[in-house]
Amino acid sequence: MERMIWRLLSVDSPFSRQALLVFFTFSLFHLFTFVCCPLSLAQTVQSSETLTELYKKDNCTVYTFNYPSINAAGEATVLSSAIFAWTPEKRRETDSIESLHIYCHFTITSDAERPSTPGFSKEQVLLSLFPNREYKSLFGESANYVGRCIVIAPDYEGYGVTKDMPHPYLSQRLTARQVTDAVTYGLALYQKESQESSTLLPMKSNWRSFSMGYSQGGAVSLATHRYIEEAGLADELHFQGSLCGNGPYDLVQTIRYYFEKGVTTMPVVMPLIVKGMFYSHPDVARYKLEDFLSQQLLDTGVLDWIDSKEYSSDEIALMWYQQLQQGLDSLGHNYTPEQMAELFESPKKDKVWAYIRNMFTPEVCEYLSDPNNFDAVPEEITSAPKAIHRALADNSLITGWEPQHRIQFFHTKDDTVVPYDGNYLSFRDAHSYGEGDLFRVNDTFNKSDHVDAGIDFLVELFTLKSYSKYFNWICEGPTTVIDLIDNPQFSIDNDAWYTLDGRRLIAKPSVKGVYIYKGRKTVVSR
């Protein structure tokens, strides 16, 4: 049933070779101005003073709004977002909003896929089914507060009102800041308008919030979780915790996995990562995209396709498939089908995988292929490979923080796009004292690869009833380190330092205060 729903939402968009050549020619000037001057495009859009209704579906009304935030350069910008609100047709006097869900969308390459699109994206259709969803399992476990909700689903930078800007793909802290800005601004607009509206329900006094997402959205959800805690916003947002599906939490290990396997089953991720780091990370911005990506990959026109925001990842894969079948003529570079087969392979019709070594320059390949280069993050950036290494490491969500609220991970062991061992297991090993208490994983929810597992995850989350136990577990709250000290069945790392609320520190604290060290309260006086 889940796959049937998803297929009904899918659209096939074939492209002819002739149309592609026209597009390549049209894109030359656009590519030059976009890559060379990514921050020079002035915005004229303003932050919203009210919510704008997009459409109503059954018991859900969808609104859009624009909100202030910052971009990769630290400059003021305005971004867009959607709100999906429970608006029951037969409103009772006692009805109220009991939950706020922060939804972080998965990897998109087309602006039409964004949450606030007026054109009904796949995620948007599913999100509109979420409000008023009755979460009562077959075993009678109820979590109906989950569906009596509003969902704030921001468009990431580079989509919506910023579609003419680059998307800082997997720039975790930046995107988390922008998502949180959307939540605080959108929540204020909603609360203001609900006071005088006959449609919008008031927020219940003890409402609660969760962050959630899959794939890129899983990583952004975890990054938003971290940002909310670090910014001291957990109480203000009544934050409970996160549901994170198959996210790339450790970019270094994910890239290393591709080089060990030799192929990537979702090739568009590679130029997205490099372009995202080029836009958002100062070390990578010192170089050119040609210093990272191979000439043959660039000649396919993938950067034009990404910049245009016109094509989904499936459509990009189809265009690559056609190049693999027909060869490629691009700006004086001619590639036969046999030469294209050095870059791509086709496991089945209309699908492509890519040989990872031929996607990057020889220098980058040599560096990323050597495991000895990953013993430590480079301190001095003297080459393009070291720059991309530093950028990937800086956007890791594995270390440098300890969660204070619960995280329910979902991660299939059969994922070839975001590997289980290099992501969930990396997180687990870096936070060993919290597994089962602060975080846990369901690694058997699906036995498929990344995309099919994502379909099941989202359909289950938004349309069915089996996830009530996960929300209930998150709301039960974690046990702190102090509670665990007296538990003989539990062991913490005696050589690590912890704050009194259970956060593990990366070193001995330099700020005066009381901490946990070797299982005891310890005073740091200097």
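Treat the numbers as computed from the prediction; the structure is a model and nothing was measured. (Residues numbered from 1 in each chain as written. Predicted model: local features only at pLDDT ≥ 70, side-chain atom pairs only at ≥ 80, totals over all residues. Heavy atoms only, no water.)

K.L.:
Whenever I open this one, the pattern of salt bridges confuses me. Can you help?
P.N.:
A side chain with one charge may pair with a side chain of the opposite charge, provided their charged atoms come close. Tallied over the entire structure, the rule returns 14 salt bridges. Among the ionic pairs, Arg92 bridges to Asp95, the shortest N-O distance being 3.0 Å. Since its relative accessible area comes to 6%, Asp95 is described here as buried. Each of the salt bridges in this network shares a partner with another, and the network as a whole consists of Glu98, Arg148 and Lys204. (Salt bridge = Lys/Arg side-chain N within 4 Å of Asp/Glu carboxyl O. Buried < 20%, exposed > 50% of the residue type's maximum accessible area, 1.4 Å probe, protein only.)

K.L.:
I tried to follow helix H13 (residues 362–369) on my own but got confused; where do I start?
P.N.:
An α-helical turn contains 3.6 residues, so any two residues separated by three or four positions project in the same direction. Of the residues making up H13, those classed as buried are Val364, Cys365, Tyr367 and Leu368. Taken down its axis, H13 places every buried residue within 170° of arc, on the same side. Along H13, exposed side chains directed more than 90 degrees from the buried face belong to Pro362 and Glu366. Buried positions along H13 lie against helix H6 (251–261) and helix H14 (384–394). (Helix = DSSP H or I, 4+ residues; strand = E, 2+ residues; numbered from the N terminus. Arc of directions from axis to C-beta. Contact = heavy atoms within 4.5 Å.)

K.L.:
Explain the confidence of the model for the protein chain to me, please; I cannot follow it from the model alone.
P.N.:
Low pLDDT means the predicted atomic positions in that stretch should not be read closely. Scored by pLDDT, the protein chain has a mean of 87; 85% of the residues are at 70 or more. Between residues 1–41, whose pLDDT stays under 50, and residues either more than four places distant or in other chains, the model counts 72 contacts. (pLDDT = per-residue confidence, 0-100.)

K.L.:
What exactly am I supposed to notice about the sheet that holds strand E2 (residues 60–70) here?
P.N.:
Remark on secondary structure: sheet strands pair via backbone hydrogen bonds, oriented parallel or antiparallel. Spatial strand order, E1-E2-E3-E5-E4-E6-E7-E13-E14: nine strands in an open sheet with mixed pairing. Lying at the two open borders of the sheet, with one neighbouring strand each, are strand E1 (52–57) and strand E14 (439–442). On average, adjacent strands in this sheet sit at an angle of 20° to one another, irrespective of strand direction. Sheet analysis places strand E3 (residues 76–86) next to strand E5 (residues 149–154), joined by five bridges and oriented antiparallel. By the bridge assignment for E5, Ile83 is matched with Ile152. Sheet strands in contact with helix H4 (residues 172–194) are E2, E3, strand E4 (97–104), E5 and strand E6 (203–214), and its direction is about 125° off that of E2. Running at roughly 150° to strand E13 (residues 406–410), helix H17 (residues 468–476) makes contact with E4, E6, strand E7 (239–245), E13 and E14 of the sheet. (Pairing = 2+ DSSP bridges. Axes fitted to C-alpha atoms, helices over the stretch in contact; angles between N-to-C directions.)

K.L.:
Got a minute to help me understand the sheet that holds strand E11 (residues 344–345) in this structure?
P.N.:
Reading across from one edge, E8-E12-E11 is the order of the three strands in this open sheet, with antiparallel pairing throughout. Looking at which strands have only one partner, the edges of the open sheet turn out to be strand E8 (263–264) and E11.

K.L.:
Quick question: what am I supposed to make of the pairing of E3 here?
P.N.:
Side-chain positions along a regular strand alternate between the two faces of the sheet. Judged by how many residues are buried, E3 sits mostly within the fold: 10 of 11 residues are covered. In this sheet, E3 lies alongside E2 in antiparallel orientation, the contact comprising 11 bridges. Residue pairing across strands places Asn66 opposite Ser80, the latter belonging to E3. Counted along the chain from E2 to the antiparallel partner E3, the turn is five residues long, and its residue Gly74 has a positive phi close to 80°.

K.L.:
Can you walk me through the state of the cysteines in this structure?
P.N.:
Note on terminology: a disulfide is the covalent bond linking the sulfur atoms of two cysteines. With the rule as written, the count across this model stands at zero disulfides. The structure places no disulfide on Cys149, whose sulfur is separated from the nearest cysteine sulfur, that of Cys60, by 7.8 Å. Look at Cys149 and you get buried, because its relative accessible area is 0%. (Disulfide = S-S within 2.5 Å.)

K.L.:
Help me understand unusual backbone geometry in this model?
P.N.:
With glycine set apart, most residues show a phi of negative sign, and most peptide bonds adopt trans. A positive phi angle is found at Lys309, which is not glycine, with a value near 60°. Within the secondary structure layout, Lys309 lies in the loop between helix H10 (302–308) and helix H11 (313–326). Although it is not a glycine, Asp350 sits at a positive phi angle of roughly 70°. When you line up the elements, Asp350 lands in the loop between E11 and strand E12 (353–355). Its relative accessible area of 32% is what places Asp350 among the partly exposed residues.

K.L.:
So what exactly am I meant to see when it comes to the packing of H6 against H13 here?
P.N.:
Helix packing for two helices is described by the angle between their axes and how far apart those axes are. Across the interface, H6 lies against H13 with an axial gap of 10 Å and an inter-helix angle of 100°. Taken together, the axes of H6 and H13 are roughly perpendicular relative to one another. Across the interface between the two elements, Ile255, Arg256 and Phe259 from H6 touch Cys365, Leu368 and Ser369 from H13. Split into classes, the residues belonging to the contact of H6 with H13 amount to four nonpolar, one polar and one charged. (Parallel < 35°, antiparallel > 145°, perpendicular 65-115°, else oblique. Nonpolar A, V, L, I, M, F, W, Y, C, P; charged D, E, K, R; others polar.)

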